[in-house]
Amino acid sequence: MAVRIRHTGRYREIAMALMRHGFGYMVEELGLFQLLSMPRRWVKHESPETKTLGERIRLVLEDLGPTFVKLGQLASTRSDLLPDSIIQELVKLQDQVPPFPSEAARSILAEELDMPVEEIFERFDDIPVAAASIGQVHLGRLKSGEEVAVKIQRPGALQTITRDLGILRNLMVLAEKRWEWARRYQMVRLVEEFSKSLLAEMDYSREGRNTEKIALQFQNDEHIFIPQIHWQYTSSRVMTMEYVEGVTLSQSEQLEESGFDLQLIAKRFVNAMLHQMFIEGFFHADPHPGNLLVRKDGSLAFLDFGMVGRLSEDMKHHLSELIIALMRKNTDSMVRAILRLGLLPEDNDMDSLRKDLGILRDEYYDIPFSEIGIGKALNDLFGVAQRHAIVMPPDLTLLGKALLTMEGVIQKLDPSLSIIDMAEPFGRKLARERFSARRLRGKLLGGAASLAEALLDIPAQTRQLSALISKGKLKVEISVPEMESLMRKLDQISNRLSFSIVLLAFSIIMVGLIIGSSMNRQSSILWHFPVIAIGFGVAFLMVVWLLYSIFKSGKF
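Residues numbered from 1 in each chain as written. Predicted model: local features only at pLDDT ≥ 70, side-chain atom pairs only at ≥ 80, totals over all residues. Heavy atoms only, no water.

So, the overall build of the protein chain
Inclusion rule: Every helix listed is a DSSP run of H or I at least four residues long, and every strand listed is a run of E at least two residues long, numbered separately from the N terminus. The cut-offs for exposure are 20% and 50% of the maximum accessible area for each residue type, with area from a 1.4 Å probe on protein chains only; residues under the lower value are buried, those over the upper are exposed, and the others partly exposed. We call two residues in contact whenever any of their non-hydrogen atoms come within 4.5 Å of each other. Per-residue and other accessible areas follow the Shrake-Rupley method at a 1.4 Å probe size, with only the shown protein chains counted as cover for residues.
Across its full length, the protein chain carries 24 helices and 11 strands. Relative to its full complement of 556 residues, the protein chain shows a buried share of 44%. Sequence-distant contacts in the protein chain: of pairs separated by 6 or more residues, those separated by 24 or more amount to 66%. A total of about 30700 Å² of accessible surface is found on the protein chain, and carbon and sulfur atoms cover 57% of it.

Examining a positive patch on the surface
Note the threshold: Patch construction takes residues with relative accessible area above 30% that form no salt bridge. Like charges are linked within 9 Å, and nonpolar side chains (Val, Leu, Ile, Met, Phe, Trp, Tyr) are linked within 5 Å. The term salt bridge refers to a side-chain nitrogen of Lys or Arg lying within 4 Å of a carboxyl oxygen of Asp or Glu. Working convention for charge: Lys and Arg count positive, Asp and Glu count negative, and His plus the chain ends are omitted. Lys charges are placed at NZ, Arg charges at CZ, Asp charges at CG and Glu charges at CD.
Positive charge collects at one region of the surface, where Lys196, Arg206, Arg209, Lys213 and Arg310 lie side by side. Among the elements that make up the positive patch, the one with the highest residue count is helix 13 (residues 204–217) (three residues). Structurally, Lys196 can be placed in helix 12 (residues 187–201). Take Lys196: its relative accessible area is 66%, and that puts it in the exposed class.

Considering the sheet that holds strand 5 (residues 224–225)
Consider a sheet: its strands pair through backbone hydrogen bonds, and that pairing is either parallel or antiparallel. Formally: Strands qualify as paired when DSSP identifies two bridges or more between them.
One open sheet accounts for four strands, arranged 5-10-9-7; its pairing is mixed. Two strands bound the open sheet, and with one partner strand each, they are strand 5 and strand 7 (247–248).

Some remarks on the pattern of salt bridges
Oppositely charged side chains may form a pair once their charged atoms are brought near each other. Per the counting criterion, the structure on display carries 22 salt bridges. In this structure, the salt-bridge partner of Glu89 is Lys92, at a minimum N-O distance of 3.1 Å. The class of Lys92 is partly exposed, set by a relative accessible area of 44%. Among the salt bridges present, the one from Arg169 reaches Glu192, with a minimum N-O distance of 2.8 Å. With a gap of 23 residues between them, Arg169 in helix 10 (residues 157–178) and Glu192 in helix 12 connect regions that are remote in the sequence. Judged by relative accessible area, Arg169 falls into the partly exposed class, the value being 34%. Its relative accessible area of 37% is what places Glu192 among the partly exposed residues.

Here you go:
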C-alpha cells in the first residue's frame, strides 16, 4: 500500500489513460476510484468505442510513455499469448522520443567512465544520430583515432521503468483476483517475465557481452561483421562500440544503385540467422532492417544486441520435430512436439487441441513444401497454443518473431528465396547431432550422475518425510485427469471380479456336493432330492441375472 500511496500521481495517469480509451470499466472493477479518490462520474468520459480493441490498447500504451511502449513491443513477440489482431497493433508502437540535452549526455559519460569527456574523445558529436526511450546514440572519435558510436542511457530511465514495472505488477495482482482471464493467462507471471527482459535490456554491459558472443560465432566468416566493443569505455549505462558505416537493408533501391547483389545479401542474412538459431542456440532476436547494414566490401553487419534469444539443445530438437510434423501434416506428432515445448494446463481439452491442429494442418495441405513460411507456420502454431492456454518458453516465441521479421526482410530483397530449402541442411545437421555418439554419451553420463545424486538424497528425504508424518503435517493432493473414464474402468474391473467370484463360489459348492454324495454311504433325506440339478439351475439363473445387470449398466 505504501508503494501505491507514494506513486498516486502515476496511478492516476494510468487510470485516466485507460478511461480515455474506453477501459473505464477496468478502472472501476480494479477499485482505483477509491484508491485515488477519483469521482466515479469520470468513467462516463470514455471515448466512443469506434476503434478496435488492439488500437485502443496501443493508444493506452503510447499515452503512458516509454516503459509501457517497451512492454508493448515485448508483448508483440508473444503470439502464443495474444490474438493476432492485438499483435498487429502492438508492432506499430514507435520507440521515438525527443533527445535529451547533450550536457546531460556528457555528464553521464564523465560519471560512468570516471574521467572527463575530453580525455576520452578527440571528437564527440553533441547531436545524437538516434534517440529512443531508453537511450540515445552519439558519434565520436577516440584519442586513439578510432571512430565509435556511443550509446548513453537516458537520465532517470532506470528509476522510471522500475517504478512503472512495480505499479504494473500491483495492477496485475488486482486483475488476477477479479478476472478469470487474468488468472488463466497468469498476468503477474507474464509481467514479471517482461520486466526481467526489459531490465536486462537496460544493462548496456550485458548488451556488450551479447555482441561479443555473437561475434565469436562468425569469427571465421568474412561475410558477416559484428562491431567491436571498447570495454574500457563501457558500463551499465554507457556502451562504446566500433562505428559501422553502410546502407541499411531497408534501403533496397540504394543497395541496387550501389551495385550490390540483393539475392546474395539475402542468402547471407538467412544463413547467418539460421546458424545462430539452430547451430549456436544464441541468436539476434530483433533482426529488423534498421539493425542490418551492408558495408562497402559487401559484408553484412549486425547491430543492437539488446534483445537476444537462447535455445537449449532439447529445445532445438523439439522445435525441429514440431516443424517436421507440420510439414508432414501429422497431427499427433504436432501434439507431442507442442507438449514437449510448452506447459500444458491441467484442464486442457486434448481432443479440442488435436482438432485445432488438424485444421491448421489442412491450411498447409496443398502448399508446396518450398513455399511455406517457417516463421508464419511457427506463429500459427503458437496461436493454437495460445487458444489452449499452453505456455510456451519466451525464447521460443522470440524465435518465431525473429523468423517472421527475417521473412519480411527477405521478401523485399529476394521474394523467390525459400527459407525452408535453406533450413534443410541445418535440420540434417541437428538430426545427426541428436544421435551422435558424443551426445548419447553425454546424456548417459548426465543421467547416471542425476540418478546417483537422487539415490544419495533418499536418506535425507526419507527423514524429512518421516518428520512430517510424525507431526501430522503431510498433505496429499491427488489430481487425476479424465476421472470419469477411470471410474468406468474401475467399475468394469469390479464387475468382472464379481462375476468370477460368483462362478467360483458355485463351482466350489457343486464340487462339494458331488464329492459328498459319492463318499457318504449313509442315507440322508437330502439325497432323495435332485440337489445337484437344482444347484445347477440356481447357479445358472444367478449368473444370468448378474450378466444381465452388468451388461445393462454398460460397464462389463
